[in-house]
Amino acid sequence: MKKLTKLAAVVAGCGILGMAGFIGFAKYGEHRTFPAIKADTTGPIAAQIKRGEYVAATGDCMACHTAHGKPAYAGGYVLETPFGVIKASNITMDKETGLGNWDLARFDKAVRHGIGTHGYLYPAMPYTAYAKMTDQDIADLWTYMQTIAPVKQKVVENELPFPYNQRVLLAGWNLLFFRDQPFTPLPGVTAIVNRGDYLVNGPGHCAACHTAKNFLGGDVSAALQGGTLQGWHAPDLTTNPRVGLGHWTEDDIVSYLKTGASRQSVATGPMQEAVEYSTQHLTDPDLKAIAAYLQQLPASPSKTTTAIAATDPQMVTGKLVMESQCNACHNTDGSGVRHMIPALSASAQVNADDPANLLHVVLKGAEGPVTAGNPTGAGMPRFDWRLPDDNIAAVLTYIRNSWGNSAPRVTPDDVKQARSQLDAQQWLDRQ
C-alpha cells in the first residue's frame, strides 16, 4: 500500500512538474521578441500603400475580417471549425477594439508568428502560411492597414468550448504543426515557379482549405490534395487528371482565378469569396506564376474506379431526374455553358470522393461569382424543397457516373445528413 501511495505521489509530482514546464514554455513563447523588420520604406508613401493593398488582396484579408453587411475589416466573420466557432477580429485602426495602438513589430508578431495581444492566435488565422511572407510585404501591408478607417466594433473572437478555449494549449499545437520559417525558394525551378510557390503557400494560404486536416486540426502530409471544411470540399490542386488539375491549362487556371469561371468549373462557396476578394485583383504575371507552380506539382495517388452501370436502378432514376430538372442548364451531355454554368462531364469536382460540394449546391443553391471579368455570373437554384432525398441521391449518382465520370454513389442517407448539417429545407411533398 505504501509503495502504491509513493508511486502515485511520484506520478502526480511528475505531472505537476510537466504542467509547470509546459506553462513556462508557453509563456516564454508568448512573450518572446522577433527580429526587427528589414524593409525599404524610403519611397513615396502612396507607393507603399498601394503595394500593401496588393498584399492584402493576395492574403485575402478582407474576406475573413469582414462580416456580411458590416464595415470592411471590422471583424465578426464567423469561422465554423470542427472545434467550435471563432470570429475574425476587428483589424481597423480603432484604438479600443482594433489595431489602433499597434506598431509594426506587434503586427508582425501576430501575422507571421501567431501571437496577439491576448495570447496565442488560433490557426484559423493562417499565420502558419503567413510566416513565409517577406519583411517587405509585411511592412507594406502594415502601411496599408494604417489607412483603414477606425470602426468601433468589439468582437468576442473565442467562442470555443473548454478546453479548446484555452489559448495556452496552442503552444503545444505550434510545437507539433507550426514551422516558423521564412519562404525558401525551391531548387532547380524557374523564378516564376518560385513566385507561384510563394503566393500559394505564403500569403495565398491555399493549404488552409486544400489540404486535409488531422484530428488536431494540423495539415496532413498530402499537401494540396483536397480537404473538406465548413461543408465544402476544396478540391485536389495537384496534376491528378481525374480529381485534380491534370486537364487544366495555364489559361484555365488563370481564367478561373481572374473571373471565377473556366472551361471546367465555376467558383462557389468559400472559393467564390476568395476569387471576388482576392485572386481577381492579382496581376496576370502572378496568376500565371500560381498556374506554373500548380502545374509542376506531382499528381496525387490515382485510384482505380469503375463507373456504375447505366442499368443500375439508381442510375435509371437519376437520369430521369436529370432530364426533368437539370438538362435545361447543364445540357444532356453535361457540357454546361462555358464560363457560366460548370461542365459536369469529366469533371474533377464531380469525381471527388467527397460529394460535399454537389450536395451543398443542389440543396442550398449557389450564387455565381461576380468579378470585373465576369460581371453576370449565373446562380444555381436550390432544390432542397423541390426534390426528396432519394431523387437527389439518384441524380448525383448519375452525374458522378456519366460522361466520363466514375465516383462512389450518393445515398439517401448522405443527402439526409447533409440536409441536417446545412440546415436545408425539407422536401415539400405536394402529392
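Model, not experiment: these values are computed from the prediction.

With that settled, the discussion passes to the overall build of the protein. Helices and strands together make up the secondary structure of the protein, namely 18 helices and 7 strands. Here the C-alpha radius of gyration of the protein, 24 Å, is about what a compact globule of 431 residues would show, namely 22 Å. Judged by the C-alpha coordinates and their principal axes, the protein covers about 75 × 65 × 50 Å. Each of the 431 residues in the protein was classed as buried or not, and the buried ones make up 46%. Here the analysis covers contacts within the protein between residues at least 6 apart in sequence; of these, 65% occur between residues at least 24 apart. Split by element, the accessible area of the protein, about 21,900 Å² in all, is 60% carbon and sulfur. Between the centroid of the 36 positive side chains of the protein and the centroid of its 38 negative side chains there is a distance of 7 Å.

For the rest of this paragraph, the subject is the environment of Pro203. Structurally, the position occupied by Pro203 is in the loop between helix 8 (191-201) and helix 9 (207-210). Remark: the alpha-carbon pair of Pro203 and Thr58, spanning 145 residues in sequence, is separated by 5.8 Å. Sequence-distant contacts of Pro203, defined by excluding residues within four places in its chain, comprise Thr58, Gly59, Tyr130, Met133 and Tyr198.

The next subject is helix 16 (residues 356-364). Taken across its 9 residues, helix 16 has 8 buried, putting it largely inside the fold. For helix 16, the elements touching its buried residues are strand 6 (227-229), strand 7 (232-234), helix 15 (348-351), helix 17 (389-399) and helix 18 (412-421). Where helix 16 terminates, the next one or two residues include Gly365, which has phi positive at roughly 75°.

The sheet contact formed by strand 1 (residues 78-81) and strand 2 (residues 84-87) spans 4 bridges and is antiparallel. By the bridge assignment for strand 2, Thr81 is matched with Gly84. Adjacent in sequence and paired antiparallel, strand 1 and strand 2 are bridged by 2 residues.

This next bit is on unusual backbone geometry. Peptide bonds are mostly trans, and most non-glycine residues show a negative phi. That bond from Phe162 to Pro163 is cis: its omega, 5°, falls within 30 degrees of zero. Phi at Ala346 takes a positive value of approximately 45°, unusual for a residue other than glycine. Position of Ala346 among the secondary structure elements: in the loop between helix 14 (327-330) and helix 15. In the Ramachandran plot, Trp403 falls in the positive-phi region, its phi being about 55° despite a non-glycine side chain. Along the chain, Trp403 turns up in the loop between helix 17 and helix 18.

An order of 1-2-5 is seen for the 3 strands of this open sheet, with the pairing classed as antiparallel. Since the sheet does not close on itself, it has two edges, and those belong to strand 1 and strand 5 (158-159), each with one partner.

How each quantity is defined
- Residues numbered from 1 in each chain as written.
- Predicted model: local features only at pLDDT ≥ 70, side-chain atom pairs only at ≥ 80, totals over all residues.
- Heavy atoms only, no water.
- Helix = DSSP H or I, 4+ residues; strand = E, 2+ residues; numbered from the N terminus.
- Rg over C-alpha atoms; globule rule 2.2 N^0.38 Å.
- Buried < 20%, exposed > 50% of the residue type's maximum accessible area, 1.4 Å probe, protein only.
- Contact = heavy atoms within 4.5 Å.
- Areas by Shrake-Rupley, 256 points an atom, 1.4 Å probe, with all protein chains shown as cover.
- Lys, Arg positive; Asp, Glu negative; His and termini not counted.
- Charge placed at Lys NZ, Arg CZ, Asp CG, Glu CD.
- Pairing = 2+ DSSP bridges.

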